[in-house]
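Breakdown of the fold
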Amino acid sequence: MKIFKQARGFADKFLGAKRRASLEPSNENLDPMQKYTTVGEYHVGKSEGTPGGQPYELTVYKDEKDILHQALSLESSQNLAPEYVRQFNKKLGRFRAFKNRETGRRYQVEKYLDGFVERVKNHVRKGEDSINISVITDTHYKDRDSTDFYGWNGLTHVNEFSYLDDSGLLDLKVHLGDWIDGSDTGFVSEGELMRLREAFKSNNVPYIMLKGNHDENDKFDEHHDLRASFPENEFENIMWPSMYEQARVHYLSRQHGVCYYDFDDLRFISVNTSDLPYILDSKGQKKYDAKLTLAVREDQIEEIIEILEKSSGKKIIFLSHANPINRKGSNALKYNGRSLHELLVAFNQGEKGRMHSSVGVPPEFRLANDFDFTHIKDARIVAYFCGHRHREDQYRINGIQYILFNCSALMGPNHVLTTKYNKNWHREIDSATEFAGYIVNIDLKKHIIQAFGYGAASKRRIFFI
């Protein structure tokens, strides 16, 4: 069995390398309509790569700044407003991809995602205890028209990720945090969170909105040495009310970001790894920088314990922005990451005990939680999903499979902050590697987890439960 698993791992690495090689940057035009640069009106159709191959009227015009624009209108439509629009980018030397004016999505990406969904459907079992969730993380939306790093493309990625809601395949959708980059003014970042919330919410699929370490806007505060740009609980007040109001969500309180969803015999539990006290000094600046201080605290741990103590008969997957421990088993949070992992191990072993903090931990992060899992029957924590590291990774510690997902945020190959993992993807705007997202299938009968990626993500990863 061990040799089989190793062989599968080598095969996955080979296929991943082959796929990345096929996605090398190309100087070819993204579509035949790039050639239309003379102001005027044109009839275009399937040969020009129009949406659905239908006949459209293409209008080319210049704005008051002498920038070229293109607009597509269905020839059969009575609506005077165009359906798709785009403008010429001088830095790129070409038109950007067309976006739908109503949805904010690129029709080429929708077509790409249709193919992605069909690929997933060919590999997953339908029926009881086969659950599909879509996962996106680290979108880092920023008020900047960037073509090689964080920018407005973060909102575009969330809009296009939500296109999967209509596939009929999903039981749950999850954003693992770092919705915004947190480097804009407080007022601007608040507006960004609101737009992201509306783009992510769904009437078709239950959803979880996790908090990341950039979502307190502390990056702006650090760069400008000013008073805290976000008031207390700003992210929580913008993002969480709609999440908690869903009929299928269960929770003990709405204070910490902890909630759980049940699908057949599977339970998902969310964790907030940016659980910090809001303490200001005499200058009105935060004592704890959320961008640098990852933690879970006593009250949140207490809610997790209470949920676990009522989880008999469940296989459980935890969700958070940051991984609580690293592959060496060491603490990956500033405070209490290792303690959280040990609590999960105690659950799997049916133990009873009391949690304590290490010596030297500040009072705000000390733990004194009692737990008793001796009565739990037929339950096990099988996996822990997280983002934050801007790369894919996996490791199994004490029987719990930790799975890390790559960031959706565009990380151009030449940017100083781009991780090695993303440099290897040669990520470019308007290309198949610009974004990243996943559909994860958990099959409790086959005892496997399959993570299917699109964009700058592995095509398929398989983990054994």
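We now turn to the structure provided with this report. (Residues numbered from 1 in each chain as written. Predicted model: local features only at pLDDT ≥ 70, side-chain atom pairs only at ≥ 80, totals over all residues. Heavy atoms only, no water.)

1. Some points on the overall build of the protein chain
The following threshold applies: Put simply, DSSP marks the helices as runs of H or I at least four residues long and the strands as runs of E at least two long, and each gets a number from the N terminus on. Taken over C-alpha atoms, the radius of gyration is set against a globule rule of 2.2 Å times the number of residues to the power 0.38. Burial classes: relative accessible area under 20% of the type maximum marks a residue as buried, over 50% as exposed, and values in between as partly exposed (1.4 Å probe, protein chains only). Throughout, a residue-residue contact means that at least one pair of heavy atoms, one from each residue, lies within 4.5 Å. For the area figures, the Shrake-Rupley method with a 1.4 Å probe applies, and any residue is considered shielded solely by the protein chains shown. Under the convention used here, Asp and Glu are negative, Lys and Arg are positive, and both His and the chain ends fall outside the count. Here the site of a charge means NZ on Lys, CZ on Arg, CG on Asp, or CD on Glu.
Looking only at helices and strands, the protein chain features nine helices and 20 strands. Taken against the 2.2 N^0.38 rule, which gives 23 Å for 465 residues, the C-alpha radius of gyration of the protein chain at 23 Å falls within 12% of a compact globule. Counting all 465 residues of the protein chain, 57% fall into the buried class. Within the protein chain, counting contacts between residues at least 6 apart in sequence, those at least 24 apart form 63% of the total. Total accessible area computed for the protein chain in this model is approximately 20,900 Å², and 48% of it derives from carbon and sulfur atoms. Computed over 65 positive and 66 negative side-chain charges, the inter-centroid distance for the protein chain is 7 Å.

2. Some points on the packing of aromatic side chains
Applied cut-off: A pair of Phe, Tyr and Trp rings is counted when the ring centres sit within 6.5 Å of each other, with Trp represented by its six-membered ring. The angle between the planes then sorts it: under 30 degrees is stacked, over 60 is edge-to-face, the rest tilted.
Per the counting criterion, the structure on display carries 26 aromatic pairs. Here the aromatic rings of Trp179 and Phe200 are separated by 5.1 Å at their centres, their planes lie at 80°, and the arrangement is edge-to-face. Here the residue Trp179 occupies a position in the loop between strand 8 (172-175) and helix 4 (186-200), and Phe200 occupies one in helix 4, the gap between them amounting to 21 residues. An identical accessibility class is assigned to Trp179 and Phe200; each is buried. Ring centres of Phe263 and Phe268 lie 6.1 Å apart, and the angle between their planes is 70°; this geometry places the pair in the edge-to-face category. In this pair, the class of Phe263 matches that of Phe268, namely buried.

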